[in-house]
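Take a look at the letters that make up each chain.
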Amino acid sequence: MRQTVTIKAPLGGIIYPIEAVPDPVFSRKMVGDGLSIDPTTSTLCAPIDGIVTQLHRAHHAITVTHSSGLEVMLHIGLETVGLKSEGFKAYVTQGQHVSAGERLIDFDMDFVATHAVSLLTEIVLSSSEQISSIEKAEGTAVCCQSTLMRVSLAETSLSGLPREAHHSHVSEILIIPNATGIHARPAAILADKAKAFEAQITLLKGDASANAKSITSILSLDISYGDRVQLSAAGSDAKEAIAKILPLIQEGLGDKESPPPIPLSSAATKAQTRGPSAQNSDPNLLSGLVASPGIAIGVAVQLGEESFDFSEEAQDSQEENKRLESSRERAKEALEALEISLKKHSDASKAAIFAAHRELLDDPELIRKAKQMINRGKSAEYAWQQACESDAMQLERLSNKVLAERANDLRDVSKRILRLLTGKSPHRPHLPNNAILISEAFTPSFVAGIDTGKVKGFCTTTGGTTSHIAIIARSLGLPALAGTQEAARDIPDGTTVVLDGERGELRVSPSESMIQKVREREHTIRTEKSRDLKAAHKPALTIDGRRIEVVANIGGIKDAAESVKLGGEGVGLLRSEFLFLDRAAAPSEEEQYEVYCDTLLALQGRPLLVRTLDVGGDKPLAYLPLPPEENPFLGQRGIRIGLEQPEIFRTQVRAILRAGRHGKIRIMFPMISMIDEIRTAKAMLEEERTKLGVAPIETGIMVEVPSVAVMAEQFAKEVDFFSIGTNDLAQYTLAMDRGHPQLAARIDALNPAVLRLIKQTVDGALTEGKRVGICGGLASDPLAVPVLIGLGIEELSVTVPSIPTIKAEVRRYTASQCRSIAQEALNCIDSREVREMLESKRRERL
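Remember, predicted model here, so these are calculated numbers, not experimental data.

Criteria and cut-off values
Residues numbered from 1 in each chain as written. Predicted model: local features only at pLDDT ≥ 70, side-chain atom pairs only at ≥ 80, totals over all residues. Heavy atoms only, no water. Buried < 20%, exposed > 50% of the residue type's maximum accessible area, 1.4 Å probe, protein only. Helix = DSSP H or I, 4+ residues; strand = E, 2+ residues; numbered from the N terminus. Contact = heavy atoms within 4.5 Å. Pairing = 2+ DSSP bridges. Axes fitted to C-alpha atoms, helices over the stretch in contact; angles between N-to-C directions. Core = buried A, V, L, I, M, F, W, Y, C linked by side-chain atoms within 4.5 Å. Parallel < 35°, antiparallel > 145°, perpendicular 65-115°, else oblique. Left-handed = near helix turned anticlockwise from the far one by under 90°.

K.L.:
Please clarify how helix α25 (residues 803–810) should be interpreted in this entry.
P.N.:
Given 3.6 residues to a turn, an α-helix orients residues that are three or four positions apart in the same direction. In terms of residue burial, α25 counts as a mostly covered element, since seven of its eight residues are buried. Among the residues making up α25, those that are buried are I803, P804, I806, K807, A808, E809 and V810.

In structure tokens, the structure reads:
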């Protein structure tokens, strides 16, 4: 007869299926099957009689093992390991015998709720191989009284018989990169991967060892950041097991808390992708990410964190809720007025930032957390600050850089409300002329309120190339660095510095001779820009008369108008995502139609190419939930989302088709990889066109995937044009993630492999008489211009500020010279060799 083990509720609260936990390690049952409880009590009790076989040093997770060998793991909250035991108090020790109902751990519900992703507590049966069946409870659990699960154990099988002896294989020594060590999540991933092999796999730490297929056994090793471990395996697939599992451990087993690995050195690293390098031998030279190009000499101005004085406790929760609600409404009114003002001045990018801030003020989870704390006796100030900071910390943990950088927006919104609640005026520092502002981060609200006429540049020690300071600095035409080395915060006020937004460097206390060189460089850049600008409205003709169209990549109406001023001959890429991001619901057909019409109006008769919505797991939308994916770049994104969500796609194409009545408009589908995708998208487009009764418009695709380049001739039969997205094409060709801390700097679209795919695309298109343009980052690189012309590219779609420069670059060469240069590039062995060759050719011509 099978043995049954009764699991009692270890705390009180609402019971949820394990599949509903917003963490794939638990929801996919990688740890094991079980249930989750949203707790209403703050003491975790033993659910069974047994022995404490594992107690994590952060005291957020504990395993109790029944006499039958059944292991019950209890995990308080999500992402709680990072709290490092703060807010938790353990009453038992590892190895101790406990009885069902005995107190194990107390936890501070308020603290954990505001500093972790969730309070959801998982009760997981980690020894799944012992289990025959589980009866699970539903509804509400009463601590120590409710039966949570009845577990029927499997009858003893012959699996325990000794296996055939095999030679053991032992790996090299590994250093654990996980900032919080091997806790439940990485342990679950390790055990899950190990179970895929027949071999007996052991994790070694010094003289201690653990079964790598058992989560609790792994956790018992108490592995910390920097510990040295090895893998040992014995069995027919032992070597394969070590080869597959070793890299996973080196990469942190999917742990978001893992510090980035030490970057590989790369001579070919470009300023656009370079992050802060290792400390260099010159203490006066600091490196960072280029957030906005340019170069400036100025004086350092350090800006500290704004602080507020308020009480943590409050007597009247009703009054505190009223104060918070009033401040939220006043803040929304102020943000709406600011947004309207910016739109009137055609500053769509800044307006969108403050529109997003307005949406944050209505975030239901943020409001719920704040009100929950107020109702427990906290002041409105304390509750709001804690709720915002909790969510900001969660965002900072995300691996997606774009989303992680939104933590700064949340803190901006937090301060806006705190000023209203405390009656404090916004901090407006007195700035000297030629100020280089240095801070951990700049909020959009702060920048909107300072005298930017006195500012020469911005430097932050956090954030990246997609942070809002990057957007604002580019809109102001000022250089900016983000993610700069921490030593930047130690530079005394008034110190002369050079902010180099071309090389990604901040030079402290430069010598007079260096300042003179920088001024000469500034002068050269200004002279070239002035010369290029004067000729910007002339066509881009090679010396022997070949016409290359130079059009713009834009993200809004303001960009379109600016491109016309700078000599742009139309728009080769309207990134329509700006209409869909930072909002609670998808834009309506009418709203999109008006934007496309206004963009055509701003272009004054020039053509407009609209790329349909290009989002996915790496660029998620709040109103378009997508399941988490291990690699979003290889998952549901681009046209795949459009075909999966046809209503969003059809609404957008209707708006584009209607706008076609008011000017020349073309449509382009992103992330096409197979013929059937383009045929399905075209069929839906044609259905909507027929319903509207409008004329057909030119239809094209992005060439971002090698499969399209290789089959260009076949794809060319289906479309009117190609536009090559070199950023993704390079990523997919070289099998390197653009967000990877080690590999990103090695991705270069001038790699001969990528150039050969561009040539294949052009050759395939020519057989069908179709045009090919480039809208990726390579088109905006002056060095690449002769290669692209020589490969047969007819249109370069570039960033708005680079239009005059790229047109000027076209005029430096004959078409035959370009063909010769392109052939040389194709024969090179790597991108470094290509760039060296092009630099040499350019010097010869200057």
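Further notes follow.
K.L.:
Hey, could you run me through the environment of R583 in this one?
P.N.:
Among the secondary structure elements, R583 is positioned in the loop between β29 (571–575) and α16 (589–602). Each C-alpha atom of the pair R583 and H357 lies 9.7 Å from the other, and the pair is 226 residues apart in sequence.

K.L.:
Just checking my understanding: could you explain the side chain of E381 for this structure?
P.N.:
Positionally, E381 belongs in helix α9 (residues 380–397). Excluding anything up to four places from it in sequence, E381 contacts F310, E320, R323, L418, L421 and T422.

K.L.:
Got a minute to help me understand the sheet that holds strand β8 (residues 88–90) in this structure?
P.N.:
Across the sheet, three strands lie side by side as β4-β10-β8; this open sheet has antiparallel pairing. Here the strands that pair on one side only, and so sit at the sheet edges, are β4 (43–45) and β8. Averaged over all pairs of adjacent strands, the angle between their axes in this sheet comes to 20°, without regard to strand direction. Where β4 lies against strand β10 (residues 103–107), three bridges are found, and the strand directions are antiparallel. Within β10, the position partnered with T43 by the bridge is D106.

K.L.:
Looking at this structure, I do not really get the side chain of E688. What am I missing?
P.N.:
Topologically, E688 is positioned in helix α19 (residues 675–692). Non-local contacts of E688, meaning those with residues more than four positions away in its chain, are made with R650, V653, R654 and L657.

K.L.:
How do you make sense of the nonpolar core when you look at a structure like this?
P.N.:
Across soluble globular proteins, you tend to see nonpolar side chains buried next to one another. Counting residues in each nonpolar core, the largest one holds 94 residues, and the members touching the most others are F722, L755, I758 and L796. Apart from residues lying up to four places away in sequence, I758 is in contact with I724, T726, L729, I774, L778, L788, L791 and I793. Among the nonpolar cores identified, the runner-up in size contains 40 residues, and V5, I7, L74 and A141 belong to it.

K.L.:
Explain the pairing of strand β2 (residues 13–17) here, please?
P.N.:
The two faces of the sheet receive side chains in turn, since in a regular strand these alternate between them. Relative to strand β13 (residues 140–141), β2 runs antiparallel, the two being bridged by two bridges. Considered in β13, the bridge of G13 is made with A141. The sheet contact formed by β2 and strand β3 (residues 33–39) spans five bridges and is antiparallel. Note on β3: the bridge partner recorded for P17 is L35.

K.L.:
Can you walk me through the packing of helix α15 (residues 557–565) against α16 in this structure?
P.N.:
For any two helices packed against each other, one specifies the crossing angle of their axes together with the interaxial distance. Interaxial distance between α15 and α16 falls to 8 Å at its minimum, and their mutual angle equals 15°. Comparing their axes, α16 and α15 come out roughly parallel. Helix-helix and strand crossings are classified by hand; for α15 and α16 the assignment is right-handed. Seen from α15, the contacting residues are I557, A560, A561 and V564; seen from α16, they are V595, D598, T599 and A602.

K.L.:
Looking at this structure, how should I read the sheet that holds strand β1 (residues 4–8)?
P.N.:
Neighbouring strands of a sheet are bound in pairs by backbone hydrogen bonds; such pairs are parallel or else antiparallel. Read from one edge to the other, the open sheet built from three strands follows the order β1-β14-β12, with strand pairing classed as antiparallel. The two strands at the open ends of the sheet, each matched to only one other strand, are β1 and β12 (131–136). Sheet twist, expressed as the mean angle between neighbouring strand axes with direction ignored, is 20°. As paired elements, β1 and strand β14 (residues 147–153) share five bridges and run antiparallel to each other. What sits directly across from T4, in β14, is S152.

K.L.:
When you look at unusual backbone geometry in this model, what are you seeing that I'm missing?
P.N.:
At S509, a residue that is not glycine, the phi angle is positive and equals roughly 50°. By the element assignment, S509 lies in the loop between β27 (505–508) and α14 (512–534). Notably, M671 is not glycine yet its phi reads approximately 60°, a positive angle. Along the chain, the position of M671 falls in the loop between β31 (665–669) and α19. With a relative accessible area of 3%, M671 lands in the buried category.

Taken by themselves, the reported measurements are silent on function.
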